[in-house]
Amino acid sequence: MRKVLVTGGLGYIGSHTVVELQNAGFEVVIIDNLSNSSMEVLDGIIEITGKIPLFEKIDLRQKSEVIQFFEKHQDISGIIHFAASKAVGESVENPLLYYENNLSTLIYLLQACNNYTIENFIFSSSCTVYGEPDKLPIDESAPVKKATSPYGNTKQISEEILNDSCKVSNLKSIALRYFNPIGAHDSSKIGELPLGIPQNLVPFITQTAAGLRDQLSVFGDDYPTKDGSCIRDYIHVVDLAKAHVVALERLLKNRNSNQFETFNIGTGKGSSVLEVVNAFEKITQQKLNYKIVDRRVGDVISVYADTKKANEVLGWKAENSMEDSLLSSWNWEKKVRNIK
Ligand code: NAD
Ligand code: UD1
């Protein structure tokens, strides 16, 4: 059986990807330091798939532990690297934490790829590398713009590290540039569990509907968009997870056209904040308490994916609508909060 290492495999996107990998017949080993996840996620994965992935609690910043891990598991055919810190605001306040956690972990893993002859590497990148796009929808040939946060900068630097490493070795790597992942597994056994006050739109909406937050703030209604609120491309986390399986297969079967490739992973459809709010109310029959407030500093106005390359070259397409995703997010929130 093909063995895959999934770092950050107990996190939000990682856990959904572990499920899809196991469903596709891969043997999975998870590394996670539980800094933003818990062991209960492993139970959810096992309940869904009926298969028990190997789990190693390791902090990937500890180089000696990373080496020990690869000494023990010498039959790994590919790595999907999710482990990272991801809060944009926190990265502005504590840049060194972000540069250390997001870059040293990547470097140690790539050194292991060299030393243990692992040639297939999938990386979690983000549409944040594009900044404010010059044209929409945005495709992979668009320029990478100067990052507005240390978090965004780590994604840009990581892509450069991967590209440079591919030039001097047999490493093959795909960076998947995620648009806005939302939603949860249909079973409601795994989903997104933000620590503290959610910074992202959809968890804030579901927590408001569940009564944990008084009111959703809509950050601005005076942008040059159809209804004045910002536009994003919301992608169901299960569709996103499936893109990793397809990307990994592409590398394992040597179907890649370059040693380093990038793909946009989105739906191709832009939705405004107010459209998301309205869709949530309609699909869940929940009235949402919200208020228009000032713009949030650093927000791009509008970004959504040109998915042609992912559709045609990768052979992957998002199947779920934004409404499907919102319903699964709400079902997950209800399950977590014991709401009938
Ligand atoms: P998450 O925080 O839910 O998952 C990350 C996991 O990695 C967590 O379980 C955490 O405990 C673990 N981790 C962090 N640092 C580690 C370390 N040093 N050693 C071992 N484990 C460590 O985040 P997510 O939303 O699942 O994001 C996964 C990846 O996708 C990240 O690289 C993130 O930057 C990227 N990404 C996320 C989004 C998004 O909106 N969620 C968008 C674009 C890109
Ligand atoms: C944020 C990150 C981005 C990261 C992405 C996915 C910032 C500036 N950017 O993007 O780097 O790749 O998450 O993790 O943080 N909104 C509200 N009210 C809220 C929350 C959000 O109106 O309470 C609006 C925002 O203004 C935005 C949209 O909802 O227009 C989506 O916001 P969010 O979920 O935070 O994602 P991004 O800003 O796209």
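Here, every reference points to the structure presented above.
Throughout this description, residue numbers start from 1 for each chain and increase along the sequence as written. All chains are assigned letters beginning at A, and all ligands numbers beginning at 1, according to the order in which they are written. Per-residue local features of the predicted model are confined to residues with pLDDT of at least 70, and side-chain atom pairs are confined, for both listing and counting, to 80 or more; whole-chain, interface and lining totals are unaffected and use all residues. Calculated side-chain values reflect all of the structure's heavy atoms, with hydrogen atoms and water omitted.

Trainee: I tried to follow helix α1 (residues 12-23) on my own but got confused; where do I start?
Mentor: Given 3.6 residues per turn, any residue in an α-helix points the same way as the ones three and four places further on. Counting from the N terminus, the helices are DSSP H or I runs at least four residues long and the strands are E runs at least two residues long. One fewer than the residue count of a helix, multiplied by 1.5 Å, yields its expected span. Under the 1.5 Å per step criterion, the end-to-end length of α1 is 17 Å for twelve residues, consistent within 8% with the ideal 16 Å. The buried label goes to any residue with under 20% of its type's maximum accessible area, the exposed label to any with over 50%, and the partly exposed label to all in between, with areas taken from a 1.4 Å probe on protein chains only. When you tally the buried positions in α1, you get eleven out of twelve residues, the bulk of the element. Turning to α1, its buried residues are Tyr 12, Ile 13, Gly 14, Ser 15, His 16, Thr 17, Val 18, Val 19, Glu 20, Leu 21 and Gln 22. Of the residues trailing α1, Gly 25 is marked for its positive phi of about 95 degrees.

Trainee: Even after reading the chapter, I still don't get the packing of aromatic side chains, so can you show me in this structure?
Mentor: Two numbers describe a pair of aromatic rings. These are the distance of the centres and the angle of the planes. Two aromatic rings, drawn from Phe, Tyr or Trp (for Trp, its six-membered ring), form a pair once their centres lie within 6.5 Å of each other, and the interplanar angle then sorts them: stacked below 30 degrees, edge-to-face above 60, tilted otherwise. Per the stated rule, a full pass over the model turns up four aromatic pairs. Summarising the aromatic geometry, the rings of Phe 69 and Phe 70 are spaced 5.1 Å apart at their centres and angled 85 degrees between planes, so their arrangement reads as edge-to-face. On the numbers, 5.8 Å between centres and 25 degrees between planes, the contact of Phe 70 with Tyr 116 is stacked. Note that Phe 70 is positioned in helix α3 (residues 63-72) and Tyr 116 in the loop between α5 (95-115) and β5 (120-126), a separation of 46 residues in sequence. For Phe 70, a relative accessible area of 1% gives the class buried. Every member of this aromatic cluster is reached through a ring pair, and the members are Phe 69, Phe 70 and Tyr 116. In this arrangement the basic side chain of Arg 295 is found over the ring face of Tyr 223, its NZ or CZ atom lying 4.0 Å from the centre. Over the ring of Phe 263 we find Lys 309, and its NZ or CZ is 4.7 Å from the ring centre. Think of it as a cone above the ring: NZ of Lys or CZ of Arg counts as a charge over the ring if it is within 6 Å of the ring centre and within 35 degrees of the ring normal.

Trainee: Where do I start with the side chain of Ser 104 in this structure?
Mentor: Among the secondary structure elements, Ser 104 is positioned in helix α5. Of the polar contacts made by the side chain of Ser 104, one reaches the backbone oxygen of Glu 100; its length is 2.6 Å. We call two residues contacting when some pair of their heavy atoms lies within 4.5 Å. Those residues in contact with Ser 104 that sit more than four places away from it in its chain are Arg 61 and Tyr 99. By the criterion applied in these results, polar contacts are pairs of N or O atoms within 3.5 Å in which, for protein atoms, one can donate a hydrogen and the other can accept it, and in which residues neighboring in sequence qualify only through two side-chain atoms.

Trainee: What am I meant to see in the environment of Lys 146 here?
Mentor: Mapped onto the secondary structure, Lys 146 falls in the loop between β5 and α6 (150-167). Taking the relative accessible area as the measure of exposure, Lys 146 reaches 76% and is therefore exposed. Linking Lys 146 and Gly 131, residues 15 residues apart in sequence, is a C-alpha distance of 7.3 Å.

Trainee: Sorry, what's going on with the pattern of salt bridges here?
Mentor: Pairs can form between side chains of opposite charge once their charged atoms are near each other. By convention in these notes, a salt bridge is any Lys or Arg side-chain nitrogen within 4 Å of a carboxyl oxygen on Asp or Glu. Within the structure shown, the criterion is met by 19 salt bridges. Note that Asp 139 is salt-bridged to Lys 135, the shortest N-O span being 3.6 Å. Between Glu 261 and Arg 250 there is a salt bridge, with the nearest N and O atoms lying 2.8 Å from each other. You can see Glu 261 sitting in strand β11 (residues 260-265) and its partner Arg 250 sitting in helix α8 (residues 237-252), a full eleven residues away along the chain. Of the two residues, Glu 261 and Arg 250, both sit in the buried class. Taken together, the salt bridges that share partners define one network made up of Arg 2, Glu 249 and Lys 253.

Trainee: Help me out: how do you make sense of the pairing of strand β4 (residues 76-81) in this one?
Mentor: Counting buried positions along β4 yields five of six residues, so the element is predominantly enclosed. Here a strand pair is declared whenever DSSP counts at least two bridges between the two strands. The pairing of strand β1 (residues 3-7) with β4 spans five bridges and is classified as parallel. Among the inter-strand pairings, Lys 3 is bridged to a residue of β4, identified as Ile 76. As judged from the three bridges shared by β4 and β5, these two strands associate in the parallel manner. Its bridge partner being in β5, His 81 is matched across the sheet by Phe 123.

Trainee: I would appreciate a short explanation of helix α11 (residues 322-336) in the present structure.
Mentor: With 15 residues, α11 extends 21 Å from end C-alpha to end C-alpha; this agrees with the ideal 21 Å at 1.5 Å per step. Every buried residue of α11 is listed here: Met 322, Ser 325, Leu 326, Ser 328, Ser 329, Trp 330, Trp 332 and Glu 333. Looking at the buried side of α11, the elements it contacts are β7 (180-182), α7 (201-209), β10 (234-236), β12 (271-272) and α9 (273-284). One or two residues past the end of α11 sits Asn 338, with phi positive at roughly 55 degrees.

Trainee: What is the right way to look at the site of ligand 2 in this model?
Mentor: One heavy atom suffices: a residue is near a molecule or strand as soon as one of its heavy atoms comes within 4 Å of it. Taken together, the neighbourhood of ligand 2 is formed by 18 residues, with Leu 201, Ser 217, Arg 232, Arg 296 and Asp 299 sitting nearest. Interatomic distance of 2.9 Å between a side-chain N/O atom of Ser 126 and an oxygen atom of ligand 2. Note that a nitrogen atom of ligand 2 is positioned 2.7 Å from one of the backbone N or O atoms of Ser 217. Surface accessibility in these figures is a Shrake-Rupley result with a 1.4 Å probe; residues are shielded only by whichever protein chains are displayed. Relative to its free-state accessible area of 740 Å², ligand 2 is covered by the protein chains to the extent of 87%. At four residues, strand β8 (residues 216-219) tops the list of elements feeding residues into the shell around ligand 2. Residues are sorted three ways: Asp, Glu, Lys and Arg are charged, Ala, Val, Leu, Ile, Met, Phe, Trp, Tyr, Cys and Pro are nonpolar, and all the rest, Gly among them, are polar. In the shell around ligand 2, the residues fall into nine nonpolar, six polar and three charged.

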